[in-house]
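What the coordinates show
Letter by letter, the chains look like this.
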Amino acid sequence: MGCMFSLPQDRLDAAERTAPIRETSFIEKMKKTNRSIVVFYGSQTGTGEEFANRLSKDAHRYGMKGMAADPEEYDMSELSRLKEIPKSMAVFCMATYGEGDPTDNAQEFYDWLQGADDDLEGVNFAVFGLGNKTYEHYNAMGKYTDKRLAELGGKRVFDLGLGDDDSNLEEDFISWKEQFWPAVCEYFGVEATGEDSSIRQFELVVHNDINMNQVYTGEMGRLKSFQTQKPPFDAKNPFLASVAVNRKLNKGGNRHLMHIELDITESKIRYDSGDHVAVYPTNDSAMVNRIGERLGVDLDTVISLKNLDEESNKKHPFPCPTTYRTALTHYLDINNMPRTNVLYELAQYASDPQEQENMRKMASASPEGKALYQSWVLDSERNILAILEDLPSLNPPVDHLCELLPRLQARYYSIASSSKVHPHCIHICAVVIEYNTKTGRVFRGVATNWLKDKHVTDNGHKPTVPMYVRRSQFRLPFKPSNPVIMIGPGTGIAPFMGFIQERAWQKEQGKDVGETILYFGCRHCNEDFLYQQELEEFERAGVLTQLNVAFSRDQEQKVYVQHLLKKNKQQLWKLIHTDNAHIYVCGDARNMARDVHAAFSEIAEQEGGLTHTQALDYFKKLMTKGRYSQDVWS
C-alpha cells in the first residue's frame, strides 16, 4: 500500500479496488515463504514488537526462518494448523497495558483465547511477557497467554519469561533469550549455524529526483494527511489540534508545570472524563542536527528503507519516502537509551577494537556485559547521540542507524476537562521533565519540552499538536448520587479536574450529586498548589464537599496524601463501606499508588475490624466491581 498514496485522489480509489488482498492466513504465508517460526507480539509502545523482530531475526542463526506478526492482522483461530508445518513453533511477546489489560492490537486475540475450545495438541509455543512490577496486575497478559495455550493442549517448549520494566526489561529479555534458543535447538534437534553476523532487514534507496509532494514530512499514515484532514481520527490518522491556551501553573519553585488547552472544534472527536489524549511529539531539532554533523550526513537527502523480505507486511520501518531529518525528528526515538541489540549491530562500525569489544560485551548475557550496559548506558542515561560522542571511533552509516532505532511513540496524558463543559476543548496538565545526568548532560523529556514551547503568539498564531483520544475505564459512577473519593497528588490532579467539572454540571442539571472529596498533594502551598483558585471556587459552590491538601515540604515532617487519608479514617470507612463510594487514584504508580492502597487497607483493619488478608481481599473486590480505579504511571 505504501506507494499508492502518491497517486492523485481520483485514481486512488481505482487503485485500492485492484490492490491485492492482504493475506490473513499466517499458516499460508509461512508455507509460501518457507518459515517455521512465527513470533506474535502484543505491543502498545513498540517494545513488544521490537522484541518479536529480534527473535525472528535470531532464528536464522539456528538454520530456521522466522517472521514477526501482528495478531491483529491474522486469523488467530488458525493456530491449531501450525502442526502442518514441520519443526514449527509460535512465540508470543505479550505486553500488559493499563490494569492488566491486553494491548490494543492483541484485544481480538485475547477475546479469542478466552472463548477458544480449539485443540492445540502438537502446537509448540513459548511466551515472553513484558510488564512492570509497580502495577497491580504484573504481566497479566503474558501469564494468561502462557496458561491458556497450555490448557488448550499446546506444548510449552520453554518456560514463560517475565520482563519487568521497573528494573531492567532489556536484561530480563536477554537472559530469557539466552536460555530459550538452546532449549529450542535441543527440542528440534538442530544446532546453531555459528552465523552471528548482523543481517540487514532493509535496503537503502536514495531518491535523487523525486517530486517533494510524494515525500512524507511527519504524517503517521496517509501522505498529506496533515494538509487535508479527514475523520475519523486515531493513532494512524491524528488530528492537528491548535493550542488555544498554554500557561504555567506553578507560582514558584524550579519546576515548570503547565496547563494546555487543545482546540478540537473541527474534529468530531468525542471524549469522556477519565479518557487519555495521545500526542505525537517531535525530537529536539538541535539534537537531530548534532547527529547529522557527527555522522557527516546531509539530513535533507530523500530516502526509502525497503524491506528485503518481499513478503513482509512491514514494507518500511517508518513512512517512506522521507528525509533523514524527518525520520530523526518525527519517526525515531533518539532521546531514550538504546537497547542492547542496537549496540550489538552497530559494533562493527567502531574502528577501535576496544570500543567494538565493549559494544558487543554490553549486548551479551555475561554478568560483566550486563553490568557494563547497566552502568555505562542505563545509569549514565546515554542516548544514541551521547554514545556517538563518547565512542569517537564509531561511524555507522546513518541508514543502518535509522533501521535499528525504535519508533518515536505517542505520549498519553490524562484529560483534565469534562466534555459536558468543554465539548470542543481538551485540557492537559503536565510537568516539564528536565534534569542533569551523570555524564554532565541535560536530559530533556521529548514531549513535555516540545509542548512547553507551543505558545500562542501575540499575533494570534496558534501552533498545532497531532493528537487522538484513547478511551479508558476510568469513569465517574453511573449514579451521580454515589460519593466519590479522588486521590491525585501533583499532575495526578488532571482527570479529577474533569470529574469535578462534570459533577458541577450534573448539579446544575438538577441531579442529586453525592459527596465529592479530593485529596491533593504538592510540595509547597505557595508554589505548586495546582488549580488552587478553581478548586477553592468549586469548594465555595458546594460542588467539592471536601478539599484536603498535603503540602509535603511546608513543615519539618513530610506530609503526603496517605497521611491525610489515615487522619480521616472514620469518615472514609463509612463512605466506602456504607455509602457505596467510588475511589479513584491517579499519579505515580511506584510509591504513591502503593502507599495509598496500604493506607486504605489499614483503615479497613482499624475501622472495619478486618484482618490484613481480609482487607486486601476487600479492596481487590472493589477493584473487580469498578469501585476502586487507578490511572497511574511510572
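Here's a quick rundown of the structure. Quick caveat, the model's predicted, so the values are computed rather than measured.

**Quick notes on the packing of aromatic side chains**
This model, assessed by the stated rule, comprises 33 aromatic pairs. Chaining the aromatic ring pairs together yields one cluster made of Phe51, Tyr62, Phe128, Phe158, Phe173, Trp176, Phe180 and Trp181.

**A short note on unusual backbone geometry**
The omega torsion across Pro231 and Pro232 is 0°, close enough to zero to call that bond cis. Residue Pro321 is bonded to the preceding Cys320 through a cis peptide linkage, with omega at -5°. Within the secondary structure, Pro321 is located in the loop between strand S12 (302-307) and strand S13 (322-323). Residues other than glycine seldom take positive phi values, yet Lys224 does so here, at roughly 65°. Inspection of the secondary structure assignment puts Lys224 in the loop between strand S8 (202-206) and strand S9 (239-248). Judged by its relative accessible area of 22%, Lys224 falls in the partly exposed class. Residues other than glycine seldom take positive phi values, yet Glu381 does so here, at roughly 50°. Classification of Glu381 as partly exposed rests on a relative accessible area of 23%.

**Points about the pairing of S9**
Two strands pair when backbone bridges link them, and S9 and strand S18 (residues 464-470) are joined in this way by 4 bridges, in the antiparallel orientation. By the bridge assignment for S18, Phe239 is matched with Met467. The pairing of S9 with strand S10 (residues 257-263) spans 6 bridges and is classified as antiparallel. Bridge assignment links Arg247 to a residue of S10, and that residue is His259.

**Looking at helix H19 (residues 569-577)**
Three or more residues of H19 are buried, namely Leu572, Trp573, Leu575 and Ile576. Relative to the axis of H19, the buried residues are bounded by an arc of 160° and lie together on one face. Next to the buried residues of H19 lie strand S19 (484-487), strand S20 (516-522), helix H18 (561-567), strand S22 (582-588), helix H20 (589-608) and helix H21 (612-624).

**Things to note about the side chain of Arg148**
Within the secondary structure layout, Arg148 lies in helix H5 (residues 140-151). Of the residues examined, Arg148 reaches a relative accessible area of 13% and is grouped as buried. A polar atom in the side chain of Arg148 sits 2.9 Å from the backbone oxygen of Ala116. Residues within four places of Arg148 in sequence aside, it is in contact with Leu113, Gln114 and Ala116.

**Some words on the environment of Asp528**
Among the secondary structure elements, Asp528 is positioned in helix H16 (residues 525-528). Residue classification places Asp528 among the buried positions, given a relative accessible area of 5%. Along the sequence, Asp528 and Leu149 sit 379 residues apart, while their C-alpha atoms lie 50 Å from each other. Those residues within four positions of Asp528 in sequence are excluded, and the remaining contacts are Asn250, Arg255, Leu257, Phe520, Cys522 and Arg523. Within polar-contact distance, the side chain of Asp528 engages the side chain of Arg255 at 2.9 Å.

**Overview of the pattern of salt bridges**
Opposite charge on two side chains allows them to pair when their charged atoms are near. Taken as a whole and assessed by the stated rule, the structure comprises 38 salt bridges. When the shortest N-O distance is used, the salt bridge between Glu28 and Arg81 registers 2.7 Å. With a gap of 53 residues between them, Glu28 in helix H2 (residues 26-32) and Arg81 in the loop between strand S2 (66-69) and strand S3 (89-97) connect regions that are remote in the sequence. In this structure, Arg471 engages Asp275 in a salt bridge whose closest nitrogen and oxygen atoms are separated by 3.0 Å. Placement of Arg471 in the loop between S18 and S19 and of Asp275 in the loop between S10 and strand S11 (276-279) is noted, with a sequence separation of 196 residues between them. Each of Glu28, Lys31, Glu78, Arg81 and Glu84 takes part in a single network of salt bridges with overlapping partners.

**Regarding the sheet that holds strand S21 (residues 546-551)**
Across the sheet, 5 strands lie side by side as S21-S20-S19-S22-S23; this open sheet has parallel pairing. Edge positions in the sheet fall to S21 and strand S23 (628-633), since each of these pairs with one other strand and no more. Neighbour-to-neighbour, the strand axes of this sheet turn through a mean angle of 10°, independent of strand direction. Summarising the sheet, S22 and S23 pair through 6 bridges and their orientation is parallel. Bridge pairing in S23 places Gly587 opposite Val632.

**Considerations on the sheet that holds strand S15 (residues 425-431)**
Pairing is antiparallel in the open sheet, where 6 strands are placed in the order S14-S11-S18-S9-S10-S15. The sheet is open, and its two edges are formed by strand S14 (411-414) and S15, each paired on a single side. Each adjacent strand pair in this sheet contributes to an overall mean axis angle of 40°, direction not counted. Alignment of S10 against S15, held across 7 bridges, turns out to be antiparallel. Bridge pairing in S15 places Leu262 opposite Ile426.

**Focus: the side chain of Ser629**
Relative to the helices and strands, Ser629 is located in strand S23. With relative accessibility at 11%, the residue Ser629 sits in the buried group. Setting aside chain neighbours within four positions, we find Ser629 in contact with Phe474, Ile583, Tyr584 and Val585.

Procedures and definitions
Residues numbered from 1 in each chain as written. Predicted model: local features only at pLDDT ≥ 70, side-chain atom pairs only at ≥ 80, totals over all residues. Heavy atoms only, no water. Phe/Tyr/Trp six-rings, centres within 6.5 Å; stacked < 30°, edge-to-face > 60°. Helix = DSSP H or I, 4+ residues; strand = E, 2+ residues; numbered from the N terminus. Buried < 20%, exposed > 50% of the residue type's maximum accessible area, 1.4 Å probe, protein only. Pairing = 2+ DSSP bridges. Arc of directions from axis to C-beta. Contact = heavy atoms within 4.5 Å. Polar contact = N/O pair within 3.5 Å; in protein donor to acceptor, adjacent residues only side chain to side chain. Salt bridge = Lys/Arg side-chain N within 4 Å of Asp/Glu carboxyl O. Axes fitted to C-alpha atoms, helices over the stretch in contact; angles between N-to-C directions.

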